Amino acid sequence: MPKVPELEKATVRIQQPERVLGTIRAIKEQGINKLQVISDFDMTLSRFGCNGRRCPTSHNILDNSRVISEDGKKKLRDLLHYYYPIEIDPNRTLEEKRPLMVEWWTRAHELLSQQKIQKGDIAQIVRESDVMLRDGFNELFDQLHKYNIPLFIFSAGVGDILEEIIRQANVFYSNVNVVSNYMDFDDNGVLTRFKGPLIHTYNKNNSVLQGTEYFQQLSTRTSIILLGDSMGDLTMADGVPSVENILKIGFLNDKVGVRSSRLASAPAFPRCEASGDSGEGQAAVPVI
Ligand code: TMP
Ligand code: MG
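Overview of the structure. All values reported here derive from a predicted model rather than from experimental measurement. (Residues numbered from 1 in each chain as written. Chains lettered and ligands numbered in written order. Predicted model: local features only at pLDDT ≥ 70, side-chain atom pairs only at ≥ 80, totals over all residues. Heavy atoms only, no water.)

### Structural notes on the packing of aromatic side chains
Part 1: A complete count under the given rule lists eight aromatic pairs for this structure.
Part 2: Ring geometry for Tyr214 against Phe215: centres 5.3 Å apart, planes inclined by 65 degrees, an arrangement best described as edge-to-face.
Part 3: In this structure Tyr214 comes out as buried when scored by relative accessible area, which is 11%.
Part 4: Among the aromatic residues, ring-to-ring pairing joins Tyr82, Tyr83, Trp104 and Trp105 into one connected group.
Part 5: Over the ring of Tyr84 we find Arg54, and its NZ or CZ is 5.4 Å from the ring centre.
Part 6: Across from the ring centre of Phe251, 3.9 Å away, lies the NZ or CZ of Arg134, which sits over that ring. (Phe/Tyr/Trp six-rings, centres within 6.5 Å; stacked < 30°, edge-to-face > 60°. Buried < 20%, exposed > 50% of the residue type's maximum accessible area, 1.4 Å probe, protein only. Lys NZ or Arg CZ within 6 Å of the ring centre and 35° of its normal.)

Here it is, written out as structure tokens:
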């Protein structure tokens, strides 16, 4: 088996090392013309933390910005503090979580839609935020572009914000496609609502991709690298018509101890094969 130095790092946990190495070898043998990458955005392509502080999600960038009233900020923060622990609670089933996530997203989008956010302010809001892309993002985007490998960003965040982040980082290349929650603006460029279908952490699968022919067009790309940080991200490749090799890489940003011991022990998580560092630096430690 070939050694992969990145996998030797202390922050990487792998349930079945031989299987992961076998998958990497098969992907290499199939070559770049067969490869596509599918990635989550928030806390996967963007960083979870920096210097002991949380970095914002695409929703948080808006929530914390100067265009939201103090009252709006408090209400959005209350929603986050109530629903985020539910999102990451390893003791609740997906069936329990799904309706609660719909509730969170719906309430947050309603609050944001009352704030008269201007389309023309988005670029400045992103520039003024603390958002950071994960270390190595340049290499990832540049290499995928150079070799014409499609990168599909599947995000339950805010599409307009995340597109602006990658635009400002100069990596929004032609091989990048985004499916996310997009804002709907009126004729004066004021946010009135979010377009459907609503994408939340636990419906990132084919159900929200109906009618987009994206994966059909890429049907010859049967090797997949999938990147995510939530259990909901594991289903992001479900719409791919023919999968021959898939490497699923999960970033254990939060509750690292609990989540990695579950990975190691649980048949319930058989396909989450490798995990990387937290984006916080070297150690895979929770930041909040
Ligand atoms: P994703 O990374 O799976 O695409 O999910 C987006 C993240 O956004 C998820 O971890 C929850 C978070 N979020 C907020 O931070 N604020 C919000 O108002 C909402 C609805 C979600
Ligand atoms: Mg995420």
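### Topic: the site of ligand 1
Part 1: Every one of the 16 residues lining ligand 1 counts as a neighbour, but Asp40, Thr57, Glu87, Ala156 and Lys204 are closest to it.
Part 2: A distance of 3.0 Å separates an oxygen atom of ligand 1 from a polar atom in the side chain of Glu87.
Part 3: Residue Lys204 places a side-chain N or O atom 3.0 Å away from an oxygen atom belonging to ligand 1.
Part 4: When the free accessible area of ligand 1 is taken as 490 Å², the share hidden by the protein chains comes to 97%.
Part 5: For ligand 1, the cavity whose grid points lie within 2 Å of the majority of its atoms is the second largest pocket. (Near = heavy atom within 4 Å. Polar contact = N/O pair within 3.5 Å; in protein donor to acceptor, adjacent residues only side chain to side chain. Areas by Shrake-Rupley, 256 points an atom, 1.4 Å probe, with all protein chains shown as cover. 1 Å grid on protein atoms, 1.4 Å probe; cavity = no way out; pocket = protein on both sides within 12 Å on 5 of 7 lines; lining within 4 Å. Sits in = over half its atoms within 2 Å of the grid points.)

### Some words on the coordination of the magnesium ion (ligand 2)
Part 1: Only Asp40 (OD), Asp42 (O) and Asp229 (OD) from the protein reach the magnesium ion (ligand 2) as donors, at distances of 2.1 to 2.2 Å.
Part 2: Look at Asp229 and you get buried, because its relative accessible area is 18%. (Donors = N, O, S within 2.8 Å, 3.2 Å for Na, K, Ca; no water.)

### Section: the nonpolar core
Part 1: Grouped together as the largest cluster of nonpolar side chains are 74 residues, with contacts concentrated most on Phe141 and Ile153.
Part 2: Top element by residues in this core is helix α4 (residues 94-113). It accounts for seven residues.
Part 3: Non-local contacts of Ile153, meaning those with residues more than four positions away in its chain, are made with Ser39, Phe41, Leu45, Phe141, Leu162, Ile166, Val176, Asn177, Val178 and Val179. (Core = buried A, V, L, I, M, F, W, Y, C linked by side-chain atoms within 4.5 Å. Helix = DSSP H or I, 4+ residues; strand = E, 2+ residues; numbered from the N terminus. Contact = heavy atoms within 4.5 Å.)

### Thoughts on the pattern of salt bridges
Part 1: Summed over all chains, the structure comprises twelve salt bridges.
Part 2: Close ionic contact of Lys75 with Asp71 constitutes a salt bridge, the shortest N to O distance being 3.0 Å. Residue Lys75 and its partner Asp71 are both found in helix α3 (residues 70-87); the two are separated by four residues, about one turn of the helix.
Part 3: Judged by relative accessible area, Asp71 falls into the partly exposed class, the value being 45%.
Part 4: Across the salt bridge formed by Lys204 and Asp233, the nearest N and O atoms sit 2.9 Å from each other. On the criterion of sequence distance, the pair formed by Lys204 in the loop between β8 (191-194) and α8 (214-217) and Asp233 in the loop between β9 (223-228) and β10 (245-251) is long-range, its members being 29 residues apart. Judged on exposure class, the residue Lys204 and its partner Asp233 are both buried. (Salt bridge = Lys/Arg side-chain N within 4 Å of Asp/Glu carboxyl O.)

### Observations regarding the pairing of β9
Part 1: Across the six residues of β9, five count as buried, placing the element largely inside the fold.
Part 2: When strand β2 (residues 35-39) meets β9, the two strands line up parallel, connected through five bridges. Directly across from Ser39, in β9, lies its bridge partner Leu227.
Part 3: In terms of strand pairing, β9 meets β10 through six bridges, oriented parallel. If you follow Ile225 over to β10, its bridge partner there is Leu247. (Pairing = 2+ DSSP bridges.)

### Here we look at the environment of Glu95
Part 1: Its place among the elements puts Glu95 in helix α4.
Part 2: Taking the C-alpha atoms as reference, Glu95 lies 9.2 Å from Tyr202; in sequence the two are 107 residues apart.

### Overview of helix α7 (residues 159-168)
Part 1: With eight of ten residues buried, α7 is to be regarded as a mostly interior element.
Part 2: Within α7, burial applies to Gly159, Asp160, Ile161, Leu162, Glu163, Glu164, Ile165 and Ile166.
Part 3: Taken together, the buried residues of α7 touch α2 (58-63), α5 (122-127), α6 (137-146), β5 (151-158), β6 (176-181) and β7 (183-185).
Part 4: Backbone geometry just after α7 places Asn170 at a positive phi near 60 degrees.

### Overview of unusual backbone geometry
What is expected of a backbone is that most residues other than glycine have negative phi and most peptide bonds are trans.
Part 1: The linkage connecting Gly196 with the following residue, Pro197, adopts the cis geometry, with an omega of -10 degrees.
Part 2: Structurally, the position occupied by Pro197 is in the loop between β8 and α8.
Part 3: The residue Asn148 is not glycine, and still its phi comes out positive at about 60 degrees.
Part 4: By relative accessible area, Asn148 is classed as exposed at 55%.

### Some details on the layout of surface pockets
Part 1: Taken as a whole, the second largest pocket holds about 1000 Å³ of empty space.
Part 2: Forming the walls of the second largest pocket are 46 residues, and the residues nearest its centre are Arg54, Pro56, Thr57, Asn60 and Leu80.
Part 3: Elements with a minimum of two residues in the lining of the second largest pocket: β4 (53-54), α2, α3, α4 and β5.
Part 4: For the lining of the second largest pocket, the element with the most residues is α3, which contributes nine residues.
Part 5: For the lining of the second largest pocket, a count of residues per class yields 18 nonpolar, twelve polar and 16 charged. (Points joined across faces, edges and corners; volume = space filled by probe spheres on them. Nonpolar A, V, L, I, M, F, W, Y, C, P; charged D, E, K, R; others polar.)

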